[in-house]
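Given next are the chains, with one letter for each unit.
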Amino acid sequence: MLLARFWGPTRGRPVFLLGGLTAGANLAAARYLASRHRALDRQYGADRPFALVLRIVEPAAYGTDFTELAADVTDVAFAPAPQPAG
């Protein structure tokens, strides 16, 4: 699942995207954000976007309660789009 923070063109309030394939995955991303928002704020600051791939550890045993960071894809997600050839 994906957890991302970014801003629209007017740079108002941040937008948080919780992208999972199931409701349980979305719930896990929301719980991850709620429990780690201060750590994410320290790491990325209040004005930098981030994009994190999360995974649920042992969903059959723990449900959505045990979620961990699988990859930080911020650099790839917010890289400028390549210019078309020609």
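The rules behind these values
Residues numbered from 1 in each chain as written. Predicted model: local features only at pLDDT ≥ 70, side-chain atom pairs only at ≥ 80, totals over all residues. Heavy atoms only, no water. Helix = DSSP H or I, 4+ residues; strand = E, 2+ residues; numbered from the N terminus. Contact = heavy atoms within 4.5 Å. Areas by Shrake-Rupley, 256 points an atom, 1.4 Å probe, with all protein chains shown as cover. Lys, Arg positive; Asp, Glu negative; His and termini not counted. Charge placed at Lys NZ, Arg CZ, Asp CG, Glu CD. Phe/Tyr/Trp six-rings, centres within 6.5 Å; stacked < 30°, edge-to-face > 60°. Lys NZ or Arg CZ within 6 Å of the ring centre and 35° of its normal. Polar contact = N/O pair within 3.5 Å; in protein donor to acceptor, adjacent residues only side chain to side chain. Buried < 20%, exposed > 50% of the residue type's maximum accessible area, 1.4 Å probe, protein only.

Peer 1: Honestly, the overall build of the protein in this entry has me stumped. Any pointers?
Peer 2: A count of helices and strands for the protein gives 3 helices and 4 strands. Tracing the protein from N to C terminus, the helices and strands come up as β-β-α-β-α-β-α. Overall size of the protein, expressed as C-alpha extent along the three principal axes, is 55 × 30 × 20 Å. Within the protein, counting contacts between residues at least 6 apart in sequence, those at least 24 apart form 52% of the total. When the accessible surface of the protein is split by element, carbon and sulfur atoms take 58% of a total near 6000 Å². For the protein, the centre of its 9 positive side-chain charges and the centre of its 7 negative side-chain charges are spaced 7 Å apart.

Peer 1: Could you clarify how one ought to interpret the packing of aromatic side chains in this entry?
Peer 2: By convention here, two paired aromatic rings are described through the distance between centres and the angle between planes. If you walk through the whole model with that rule in mind, you get 1 aromatic pair. Across the ring face of W7, the terminal group of R11 is positioned such that the distance to the ring centre comes to 4.4 Å.

Peer 1: What's the story with the side chain of R5 in this structure? I'm lost.
Peer 2: Of note, R5 is situated in strand β1 (residues 2-6). In this structure the side chain of R5 is engaged in a polar contact, spanning 2.5 Å, whose partner is the backbone oxygen of R48. Those residues within four positions of R5 in sequence are excluded, and the remaining contacts are P14, V15, F16, D41, Y44, G45, A46, D47, R48, P49, F50 and F78.

Peer 1: Can you help me understand unusual backbone geometry in this one?
Peer 2: Phi is mostly negative for residues that are not glycine, and the peptide bonds are mostly trans. Backbone geometry at R11 places phi at a positive 55°, although glycine is not the residue there. Looking at the element boundaries, R11 is found in the loop between β1 and β2 (15-19). With relative accessibility at 46%, the residue R11 sits in the partly exposed group.

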